[in-house]
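# Coordinate analysis (summary)
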Amino acid sequence: MTSLPKIYDPQEIEGKWYQFWLSNNYFHAESTSDKSPYAIVIPPPNITGSLHIGHALDNTLQDCLIRWHRMKGHNTLWMPGTDHAGIVTELIMEQKLAEEGTSRNAIGREKFTERMWQWKDESAGYIVSQLQQLGCSCDWERERFTLDAGLSIAVRTAFVKLYNQGLIYRDTYMVNWCPNCHTAVSNLEVEPIEIDGNFYHIHYPVIDTDITLEIATTRPETMLGDTAVAVHPDDERYQHLIGKKVLLPLCDREITIIADEYVDTEFGTGALKVTPAHDVNDYEIGLRHDLEQRNIFTTDGHMNEDAGERYTGLSRWDCRKKVVEDLKNEGYLVKIVPHRHTVGHHDRCNTIVEPAISLQWFMNVRPLAERAIEATKKGEITFIPERETARFYHWMENIEPWPISRQRWWGHRLPIWYCNSCEEVTAAMDTPKKCKCGSTDFHQEEDVLDTWFSSGLWPFSTMGWPEETDELKTFYPTSVLVSGWDILFFWVARMIMLGLGCMDEVPFRHVYLHGLVADEKGQKMSKSKGNSIDPLETIEKYGTDAFRFALANVSTPIPYVALPEAQIESGRRFANKIWNAARFILMNLEKHPIPTTDTDDNEQVPLEVQWIQSRLNYTIKTTTDALENFRFHEVAHTLYAFLWHEFCDWYIEFAKQRLSNDEPKALWVAVDVLEQIMRLLHPLMPFITEEIWQQLPHGSQRNSSDEKASVTVAPWPTPSTENPTAEATMETLMKVIDNIRSIRGELNVPIGAAVDVHIQSPNAEIRERLETYLGHYLPAFTRVESITIAETLPKPPASAEAVIGELAIYIPLAGVIDLETEKTRLTKRHQQTVKDVAAAQKTLENPNFIERAPENVVAQKRDLLDRLLIEQGKLERSLSLLNTS
RNA sequence: GGGCGGGUAGCUCAGGUGGCUAGAGCGACAGCCUUACAAGCUGUAGGCCACAGGUUCAAGUCCUGUCCCGCCUACCA
C-alpha cells in the first residue's frame, strides 16, 4: 500500500522540487534557438526588503504565463532582477544611520554608497529567495540589478544619446521640492491629498488711499514672498486699483496691483496675492509680468533671511502660526474660514512638497510620447484590459517635461561633466580628456538620475544593450509586461518611450495590467494600513500552490481585487483534493498496474470514458483560451470545476464501481486524465503537480523520456474533438442519479436503506442507455435494491416521484414516506414548473418572436415548453393521486 | 471640474460580440466518519441582477438619465 499521507503537506515537497528544477536548468533560456521566443522582464522589486502581496500576485501571474509557454515549447525567458529604488532605499538607510547616531552627511557620499551596496547584497538575495519560494521560474543566471556595471553603461549611453538629440537639457524651472528628502521630484511622485485647512482673509492697504484690498490665501506665510497682487482686468470692483501699489503687511514692502486673466473673479475675494517663487501659477504670472521671484524658504523648509528678520529660521508651519498671529495683532487679519483643499505630498516620505524654482535636468519627452502614441495606435502594443489604453493616451497626450535629476547619492550619477575653467558642459560616457578651452580639469555632476530613468531601460539594458547581443536579437521586443495599473505612467509608459528612443522599437507587445490586492472592505492592502497579507506567512500556513491558486482565482479584470482569507483556504482545500484524487488513483494502481503491452482496444469505449474525455477536451480548450486572453480567474475556475466536480465527483465514483467489477481500464483512463490535469494545472500550481507527476506512471508508449522527467517541460495538452452525444447521454444519467439522491435526501430515507427504483420512459433509446449503464453507475452513488425500466409503468403505491421531461422516476417508500412531505415537495416543483411554462408560453405566443428570432432559438424555446408541459402534467396527475389516497 | 471602474445570493465575485429555467466559492440549515479526501460527502434554503425610462421579438448584458461606492486625473489661490 502506498504510504501517501492523507493530507497534503506542501512543506514536505516545495523546496525539494524547486532545487530539482534548478539543478536541471529548466528555467534557462537560450540566447539563440530554433524555438520561437517568449520573454518577460520582471518588474524589478525594490531592494528595500521583503515582497508584499502585490509582488506575490504580479509574479504568480508572470510565472503562470512563463510556465505555460515553456510547456508550449517556446524558448522562454523570464528575466529577473532588482531595482536600486533611489529615494526610498536612501530614506531607510538614513533611518538606520540615525539609529546608529550618525547621518549620511556625517559619513559622506563614499561611505554612504558603500553601506548601500552592502545592504543591496543582503537584500537582493533575500528577494530572490522569496521569489523562489513563490515558485518563480526565472532564469537566475541572468539576474540583473539596475546599478550593475552593464546597466550603468546602458544608462550613460541612453543619456548621452538623448542629450545629443537635444531631448535632455538643463533649465531653471519651478519643480516640486521635497524639503525632507532635499531633492526635486516629478509630478507623478507628488500625491495630492485633501486636507482640512483654512482660508485666511487678509487686508493689504492700498498706498495713498484709505482703502484696503482683501486677499484670501491658504498659505499666509508665503505673503512674505509676495511681489504683486493680481486682479482680473475686467473685474469692476478692482479696475480702478490696477497699477496702484499696496503695502505688504509685516514686510514694509510695496507691491503693485496687476491685472491678469488667470484670476478667477468668482473665487475667494477675486484678488490674488502673487508669490512667483513658491507657486506654479504665480510663477507663470510672474513671468508674464516680469515680477521679482522672491525666495523665502531654505531647502529644508525653513524661512531664510528674505522672509524678514522676525521669521528667519522658523519652520514653514511655525512661520504660518506666527504670521497669522502678527497679522491679527496688527489688525490685518479679516477672518479665518475653514477650507478643505488638496495639498501635494511626496509619495515616498509623505512630506508636503514645496514648489520651488530650481536648476534641474529635464527630459523633453514629448517627441517620444508622440512616437509611443503612434506605435500604440498602429497596434504594436496592446493593453489588457483595454480601458487602460485610454488612460495611457490621456497621459501621453498631456505629458510634461520630466525632471530627471535628483539631489541624492544612491543612483546613476548624470554623465555630465563641467569644465572647471570655462562654461562648457559635456555629456559623455567617461570624463572628457580635454575641453574646448584646453583645460583638462573637470568635475562630474553631483546629482543622480531619477530611478525610473534606469528602470525605463530595463527591457533592453538587462539584455546587454548597447551591445548588439544575441539576447536582444532573440527576445526584444519582449512578449508581455505584467504589472499593476498603478505604475502605468511611472514605469510602463517610460519604458515604451525609452524603448522607442533607444531601440527604435517598442519594448513589449502586450501590457497586462492586473488589479491591486485589497482587503474585504475594498481597501488596498498596504503595510501602513496594517491590512496586508504577508506572502511568506501565508505560504507557510497554506502552501505556495494554494496561495497562487487563490491569487489567480481572484484576478478578475477589476481595479481592486479582494483576497479574503477564505479564498486562500479554498485554495488549500483544492490542493488537498488534488492530492487525494491522486492518492486514490496511485493506491489502486498498485492493485491494478497498467499493463506494459497495449491491451486489445477493440472493445467498446464505455460511456463515462467518452464523457470524461470530452469534458477534458473542453477543459483544455477553455483553459488555453483563458490563458491566451489573460483571464486567470477563468483558468483557475475552469480547472477547479473540472477536477472537483466532474473528475472527482463523477468519474472517480464511476471508476470505483468499475473496479469493484474488476474492470481496471477505468482506472487507467483516470491516470491519463489526471496526468493531463497535472499539465493544465502546472502553471498555476507548480509544486503539487510536479510531486504527483513524479509519482504517476508514464508508460513507455505514453511519453518520451524528456517529458517524463518533469511536468515543467511536458508539452501543453492539445484538445481533440468533443463528444456532444456522450455528454448529452451522460447528462440524462446524471440527472436521474441526482433526482434519486434528491428524493432520498428530502424524504429522509436512511442512508443504509436500499430502495427500488422504477423508471418509466417512452423513449426507447434512453431506456436502452439506462439499462446499459444505470446498473453500473447507480450503486456508486446510492444504495439500491433493484432497478426497473419500462415504457409504461404504474406508479407504485406510497412512492416518491421525480420527473425529468417525459421520464419519470418512482421510488416506493412504504413505511418511510410521509405523504405530507411528498405533497409539499411535489407542490413546490409544480409551482416552479407552472411559472416556467408561463414564461415560455409568453415568449412563444408573441408572433414577432417566431418571425424575427433565429430558428434555433425558437426551436429551443419550443422544446423547452414541450418538456415543461409534460412535467407539469405528470406532476399534476401525481398530486391529484396523492390527494385522493 | 473632467474621466474610468463598480453596484447580481448573507459575504467575495463570475456572467467576451443581447437568446437554454441567472452561476461559483465561502457562509447558513439538515443529514452523513459511504475503505481518496471531515481541508471530505449528500441534500436544502437563499436573487424585483441599484433605480427610472428607452431600443429590441428578446436586456443582468445595449442606450439615456438618477442615486450610491471606489479610483484616476486637474494650477481655482
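Computed from a predicted model, the values in this text were never measured in an experiment. (Residues numbered from 1 in each chain as written. Chains lettered and ligands numbered in written order. Predicted model: local features only at pLDDT ≥ 70, side-chain atom pairs only at ≥ 80, totals over all residues. Heavy atoms only, no water.)

## Quick word on the overall build of chain A
Selection rule: Secondary structure counts use DSSP, requiring at least four H or I residues in a row for a helix and at least two E residues in a row for a strand, with both numbered from the N terminus. For a compact globule the rule gives 2.2 Å times the number of residues to the power 0.38, and the radius of gyration it is set against comes from C-alpha atoms. Contacts are assigned to residue pairs that have any heavy atoms within 4.5 Å of one another. Only the protein chains shown count as covering a residue, and every accessible area follows the Shrake-Rupley method with a 1.4 Å probe. Charged-residue counts in this description rest on Lys and Arg as positive and Asp and Glu as negative, His and the chain ends being excluded. Where a charge lies is defined by one atom per residue type: Lys uses NZ, Arg uses CZ, Asp uses CG and Glu uses CD.
Counting its secondary structure elements, chain A contains 26 helices and 29 strands. Relative to the compact-globule value of 29 Å for 885 residues, chain A shows a C-alpha radius of gyration of 37 Å, a clear excess of over 25%. With respect to the three principal axes, the spread of C-alpha positions in chain A is 115 × 65 × 55 Å. Looking at chain A alone, contacts between residues at least 24 apart form 77% of all its contacts between residues at least 6 apart. Summing over all exposed atoms, chain A offers an accessible surface of approximately 39,000 Å²; the carbon and sulfur share of this is 48%. When the 88 positive and 128 negative side-chain charges of chain A are each reduced to one mean point, those points stand 3 Å apart.

## A look at the sheet that holds strand 9 (residues 228–231)
Keep this limit in mind: In short, DSSP must find at least two bridges between two strands for them to pair. Axes here mean lines fitted to C-alpha atoms, for a helix over just the part in contact, with angles spanning 0 to 180 degrees between N-to-C directions.
Reading across the sheet, the 4 strands line up as 10-11-9-12 and stay open at both edges, with mixed pairing between neighbours. Each having just a single partner strand, strand 10 (245–248) and strand 12 (271–274) make up the two edges of the open sheet. Averaged over all neighbouring strand pairs, the angle between strand axes comes to 30°, with direction disregarded. In this fold helix 6 (residues 280–289) packs onto strand 11 (253–259) and strand 12, with an angle of close to 85° to the strand it touches most, strand 12.

## Looking at the protein's contact with RNA strand B
Rule in force here: Proximity is defined per residue: if any heavy atom of the residue lies within 4 Å of a molecule or strand, that residue is considered near it. We define a polar contact as two N or O atoms separated by no more than 3.5 Å, with the added condition that, inside protein, one atom must be a possible hydrogen donor and the other a possible acceptor, whereas residues neighbouring each other in sequence contribute only through side-chain atom pairs.
Contacts to RNA strand B come from 60 residues, most closely from Arg573, Asn580, Arg583, Arg852 and Leu864. Within 4 Å of the protein, the atoms of RNA strand B are drawn from sugar and phosphate moieties in a proportion of 64%. Here a base oxygen of RNA strand B and a side-chain polar atom of Arg867 are 3.3 Å apart. Top contributing element to the surface near RNA strand B by residue count: helix 16 (residues 565–591), with 11 residues.

## Remarks on the environment of Arg70
Put simply, the rule reads: Buried means the residue's accessible area, taken with a 1.4 Å probe over protein chains only, is under 20% of the maximum for its type, while exposed means over 50%, and partly exposed covers the values in between.
Within the fold, Arg70 resides in helix 2 (residues 53–71). Judged by relative accessible area, which is 8%, Arg70 ranks as buried. Sequence-wise, Arg70 and Pro683 are 613 residues apart; in three dimensions their C-alpha atoms are separated by 9.5 Å. Beyond its immediate sequence surroundings of up to four residues, Arg70 is in contact with Tyr26, Phe27, Thr76, Ser137 and Thr712.

## Topic: the packing of helix 16 against helix 19 (residues 665–681)
What counts, and what does not: In this scheme, a crossing is called left-handed if the near helix is turned counterclockwise away from the far one by less than a right angle; it is called right-handed if the turn is clockwise. Residue type decides the class: Asp, Glu, Lys and Arg count as charged, Ala, Val, Leu, Ile, Met, Phe, Trp, Tyr, Cys and Pro as nonpolar, and the leftover types, Gly among them, as polar.
Following both chains from N to C, one finds helix 16 and helix 19 inclined at 150°, their axes separated by 10 Å at the closest point. The handedness of the crossing between helix 16 and helix 19 is left-handed. Together, Phe574, Ile578, Ala582, Ile585, Asn588 and Leu589 of helix 16 and Leu667, Trp668, Ala670, Val671, Leu674, Met678 and Leu681 of helix 19 make up the contact between the two elements. Grouping the constituent residues of the contact of helix 16 with helix 19 by class yields 12 nonpolar, 1 polar and no charged.

## Things to note about the packing of aromatic side chains
Selection rule: Here the aromatic set is Phe, Tyr and Trp, taking the six-membered ring for Trp, and pairing holds for ring centres within 6.5 Å; pairs whose planes are under 30 degrees apart are stacked, those over 60 apart are edge-to-face, and all others are tilted. Cation placement over rings: the criterion is NZ of Lys or CZ of Arg within 6 Å of the ring centroid and within 35° of the ring normal.
Using the criterion set out here, one finds 41 aromatic pairs in the structure. Centroid distance Phe392 to Tyr393: 6.1 Å. Interplanar angle 50°. Geometry classified as tilted. Each member of the pair Phe392 and Tyr393 is classed as buried. On the numbers, 6.1 Å between centres and 40° between planes, the contact of Trp402 with Phe453 is tilted. Taken together, the positions of Trp402 in strand 16 (residues 402–403) and Phe453 in helix 10 (residues 451–455) put the pair 51 residues apart, joining distant regions of the chain. The same class applies to Trp402 and to Phe453, which are both buried. By way of ring pairs, the aromatic residues Trp611, Trp650, Phe654, Tyr773, Tyr777 and Phe781 are connected into one cluster. Above the ring of Trp21, the side-chain terminus of Arg67 is found at 4.4 Å from the ring centroid. Here the guanidinium or amino end of Arg615 rests over the ring plane of Tyr618, the centre of that ring lying 4.5 Å away.

## What about the pattern of salt bridges?
Cut-off, in case you're wondering: The term salt bridge refers to a side-chain nitrogen of Lys or Arg lying within 4 Å of a carboxyl oxygen of Asp or Glu.
The final tally for this structure, using the stated rule, is 50 salt bridges. In this structure, Arg104 and Glu90 form a salt bridge, with 3.4 Å as the shortest nitrogen-oxygen distance. A residue pair is termed long-range when its members are at least 10 positions apart, and Arg104 in helix 4 (residues 104–133) and Glu90 in helix 3 (residues 86–99) qualify at 14 residues. Of the residues examined, Glu90 reaches a relative accessible area of 0% and is grouped as buried. A salt bridge links Glu94 to Arg408, with the nearest nitrogen and oxygen atoms 3.1 Å apart.

## Re the pairing of strand 29 (residues 807–812)
For strand 29, the tally of buried residues reaches 5 of 6 residues, placing the bulk of the element in the interior. Bridge count between strand 26 (residues 755–760) and strand 29: 3 bridges; the pairing is antiparallel. By the bridge assignment for strand 29, Gln760 is matched with Ala808.

## Some remarks on the environment of Gly456
One can find Gly456 in the loop between helix 10 and helix 11 (458–461). Using a relative accessible area of 0% as the deciding quantity, one classes Gly456 as buried. In contact with Gly456, not counting residues within four places along its chain, are Trp491, Arg494, Met495 and Leu498.

## Quick word on unusual backbone geometry
Omega for the peptide link from Trp465 to Pro466 comes to 10°, which places this bond in the cis form. Looking at the element boundaries, Pro466 is found in the loop between helix 11 and helix 12 (470–475). In this model, Tyr476 is joined to Pro477 through a cis peptide bond whose omega is -5°. The residue Pro477 is located in the loop between helix 12 and strand 22 (478–484) in this model. Within the chain, His182 stands out as a residue other than glycine whose phi angle is a positive 55°. Structurally, His182 can be placed in the loop between strand 5 (168–178) and strand 6 (183–185).

## Some details on helix 3
Put simply, the rule is: To estimate the expected span of a helix, subtract one from its residue number and multiply by 1.5 Å.
Between its first and last C-alpha, helix 3 extends 20 Å over 14 residues, near the 20 Å set by a 1.5 Å rise per residue. All of the buried residues in helix 3 are Gly86, Ile87, Val88, Thr89, Glu90, Leu91, Met93 and Leu97. Packing partners of the buried residues in helix 3 comprise helix 4, strand 6, strand 13 (333–346), strand 17 (405–406) and helix 10. Directly after helix 3, the chain includes Gly101, whose backbone phi takes a positive value near 80°.

## Structural notes on the packing of helix 8 (residues 366–377) against helix 9 (residues 387–397)
Put simply, the test is: Geometric relationships in this document are graded by angle, where less than 35 degrees denotes roughly parallel, more than 145 denotes roughly antiparallel, 65 to 115 denotes roughly perpendicular, and other angles denote oblique.
Interaxial distance between helix 8 and helix 9 falls to 9 Å at its minimum, and their mutual angle equals 155°. The pairing of helix 8 with helix 9 is recorded here as roughly antiparallel in orientation. For the crossing formed where helix 8 meets helix 9, the hand is left-handed. Seen from helix 8, the contacting residues are Arg366, Ala369, Ala372, Ile373, Thr376 and Lys377; seen from helix 9, they are Thr389, Phe392, Tyr393, Met396 and Glu397.

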